[in-house]
Amino acid sequence: MTLRLAADTDGIAHAAALLRQGSLVAFGTETVYGLGADATNGQAVAAVFTAKGRPHFNPLICHYPDAEAAFADVVDLPAARTLAAAFWPGPLTLVLPRRAGSQVALLAGAGLDTLAVRVPSHPVAQALLRATARPVAAPSANRSGQVSPTTAAHVLDGLDGRIAAIVDSGPCPVGVESTVLDLTGPRPFLLRPGGVTREAIEAVIGPVQVGIAPQIAEPVRGLRSPGLLVSHYAPALPVSLAASSVDRNEALLAFGPPLPGAGAVYQLSATANLSEAAANLFAGLRALDAEGARLGLSRIAAMPVPATGLGLAINDRLQRAAAPRG
Ligand code: TXA
Ligand code: MG
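What follows is about the packing of aromatic side chains. Enumeration according to the criterion identifies one aromatic pair in this entry. Pairing Phe71 with Trp88 gives two aromatic rings, centres 5.8 Å apart and planes at 35 degrees, and the pair type is tilted. In this pair, Phe71 sits in the loop between helix H3 (67–70) and helix H4 (78–87) while Trp88 sits in the loop between H4 and strand S5 (92–97), placing the two residues 17 residues apart along the sequence. Grouping residues by exposure puts Phe71 and Trp88 together as buried.

Spatially, S1-S8-S2-S3-S7-S4-S6-S5-S9-S10-S11 is the arrangement adopted by the eleven strands of the open sheet, whose pairing is mixed. In this open sheet, the two strands that pair with only one neighbour each are strand S1 (3–6) and strand S11 (209–210). In the sheet, strand S2 (residues 25–27) pairs with strand S3 (residues 34–38) via three bridges, with the strands oriented antiparallel. Each residue of the ladder has a partner; that of Phe27, found in S3, is Gly34. Lying over the sheet, helix H1 (residues 9–20) contacts S1, S2, S3, strand S7 (136–137) and strand S8 (165–168), oriented at roughly 135 degrees with respect to S1. Along the sheet face, helix H6 (residues 152–159) touches S1, S2, S3 and S8 and points at about 165 degrees away from the line of S8.

To continue, consider the domain arrangement of the protein chain. Looking at the assigned domains, one finds that the protein chain contains domain 1 (3–221) and domain 2 (239–322). The straight-line distance from the C-alpha centre of domain 1 to that of domain 2 is 27 Å. Opposite the 22 residues of domain 1 that make contact, domain 2 presents 15 residues. Interface area, domain 1 with domain 2, both sides summed: about 1400 Å², of which 61% is carbon and sulfur. On the domain 1 side of the contact with domain 2, Val147, Val176 and Pro193 bury the most area, a combined 37% of that side's loss. One can count two salt bridges joining domain 1 with domain 2. On inspection of domain 1 and its partner domain 2, the count reaches five residue pairs in polar contact (both at pLDDT 80 or more).

Moving on: the pattern of salt bridges. All chains considered together, the criterion is met by 14 salt bridges. The residue Asp38 makes a salt bridge to Arg134 at a minimum N-O spacing of 2.8 Å. A residue pair is termed long-range when its members are at least 10 positions apart, and Asp38 in strand S3 and Arg134 in the loop between helix H5 (123–132) and S7 qualify at 96 residues. In this structure Arg134 comes out as partly exposed when scored by relative accessible area, which is 26%. Among the salt bridges present, the one from Arg317 reaches Asp316, with a minimum N-O distance of 2.6 Å. Residue class for Arg317 comes out buried when judged on its relative accessible area of 0%.

Strand order in the open sheet made by the four strands is S12-S15-S13-S14, with parallel pairing throughout. A strand with exactly one partner marks an edge of an open sheet, and here the two such strands are strand S12 (239–240) and strand S14 (264–269). The pairing of strand S13 (residues 250–255) with S14 spans five bridges and is classified as parallel. Bridging from a neighbouring strand, Ala254 pairs with Gln267 of S14. Along the sheet face, helix H9 (residues 274–295) touches S13, S14 and strand S15 (299–302) and points at about 170 degrees away from the line of S14.

Right, let's get into unusual backbone geometry. Trp88 connects to Pro89 through a cis peptide bond whose omega is -5 degrees. Topologically, Pro89 is positioned in the loop between H4 and S5. For Ala133, which is not glycine, the phi torsion reads 55 degrees and is therefore positive. Mapped onto the elements of the fold, Ala133 is located in the loop between H5 and S7. A relative accessible area of 57% places Ala133 in the exposed class.

What follows is about H6. For H6, the tally of buried residues reaches six of eight residues, placing the bulk of the element in the interior. Buried residues in H6 make contact with S1, S2, S3, helix H2 (42–52), S8 and H9. Phi turns positive one or two residues past the end of H6, at Gly161, with a value near 85 degrees.

Rules used throughout
For every chain, the first residue of its written sequence is number 1, and the numbers climb from 1 along that sequence. To read the labels, note that chains go from A and ligands from 1, taken in the order they are written. Note on the predicted model: pLDDT of at least 70 is required for a residue's local features to be given, and 80 or more for side-chain atom pairs to be given and counted; whole-chain, interface and lining totals, by contrast, use all residues. Excluded from the side-chain calculations are hydrogens and water; all other atoms, namely the structure's heavy atoms, are used. Side-chain rings of Phe, Tyr and Trp (the six-membered ring for Trp) are treated as a pair once their centres are within 6.5 Å; stacked means planes under 30 degrees apart, edge-to-face means over 60, and tilted covers the remaining angles. Only DSSP runs of H or I reaching four residues or more are called helices, and only runs of E reaching two or more are called strands; each is numbered from the N terminus. Only protein chains enter the accessibility calculation, which uses a 1.4 Å probe; a residue whose area is less than 20% of its type maximum is buried, one above 50% is exposed, and one in between is partly exposed. A pair of strands is treated as paired once DSSP finds two or more bridges between them. The contact definition used throughout considers only heavy atoms, calling two residues in contact when any of these lie within 4.5 Å. Note on method: axes are straight lines fitted to C-alpha atoms, helices fitted across the in-contact stretch only, with angles between N-to-C directions ranging 0 to 180 degrees. Residue ranges labeled as domains rest on an automatic or database domain assignment. Note: buried area is the sum, over both parts, of the accessible area (probe 1.4 Å) each one loses when the two are combined. When a carboxyl oxygen of Asp or Glu lies within 4 Å of a side-chain nitrogen of Lys or Arg, that pair is called a salt bridge. Nitrogen and oxygen atoms within 3.5 Å of one another constitute a polar contact, given that in protein one can donate a hydrogen and the other can accept it, and given that sequence-neighbouring residues count only through two side-chain atoms.

Shown next, in the form of structure tokens:
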């Protein structure tokens with residue numbers, strides 16, 4: 001049985017104590033819910049992979065309450081300091097060289113000599129990280145390969161009984177995962193589009209490259225770990241993209257005025273607002289999956305979303321949801 005904790009002082013103190021003793025606690029951030037473990041405790045980190053049913057030891061993001069705490073574990077390259085000043089706390093993850101003295105368990109970084117670090121802005125995540133006073137490794141709190149959770153109910157759908165506790169901080173305001181930027185090579189590489197837009201990053205540090213950075217170690221490239229996996233964030237129903245018409249057998253993921261004739265409709269944003277659509281994306285995929293199963297629909301059809309700003313992250317997640325499975 002997973003303990004439901006309120007996002008108040010008592011709940012956060014209880015959650016921090018559980019984390020410090022090596023238990024797993026899910027918590028809300030501004031992006032999605034994370035499945036937290038004390039990053040310095042190798043057994044706790046290993047338990048994260050078991051709870052998620054993750055087949056491989058993919059590297060995890062370590063979470064900190066502020067930049068100073070993060071830069072105790074990773075090297076504060078000049079671009080990292082600049083980006084931290086601009087975007088932390090917030091939905092940006094930086095991949096940096098791990099410091100030799102770091103206490104973070106090697107398994108959290110999948111044995112790489114780099115570490116992904118992030119300072120979330122959500123006040124509940126902030127309070128929990130301060131109370132825990134240790135780096136917290138946290139992948140998205142879903143079973144491996146499934147849609148990321150943006151509410152406590154989504155987390156419990158996949159992980160009830162498999163983790164010690166969840167701190168319920170309500171729906172996640174951003175709704176897509178953090179942007180992952182690798183700063184360990186000669187040029188910054190955008191490994192995963194997310195809550196901080198490419199445009200915003202480029203306005204601060206200049207051009208970034210997109211794709212899989214050459215310096216990414218073979219274990220990560222080989223695994224194409226979550227952000228790089230082709231089929232990921234997968235609902236049960238097949239997903240088709242850029243729908244221009246729909247029929248009664250299809251569940252429509254609408255963006256702006258909905259196409260007529262679908263068997264079910266979930267509206268990401270009636271006004272075609274990208275922030276609103278990002279916040280609703282994963283809940284929408286889950287809702288259409290459930291509704292589609294109830295009504296016996298054959299697939300989810302997604303309307304086109306422009307690939308600018310947060311639309312880059314939305315399109316990235318939709319493409320993975322639509323990719324061939326297995
Ligand atoms: O918004 C988020 O980032 C959420 C919340 C909970 O913080 N977390 C999240 O974690 O999405 P996860 O495990 O689902 O995705 C971690 C991403 C993966 O794409 C992985 O490839 C990348 O971070 N990553 C982690 N460590 C890395 C490293 N050392 N080198 C390259 N990529 C790394
Ligand atoms: Mg994930």
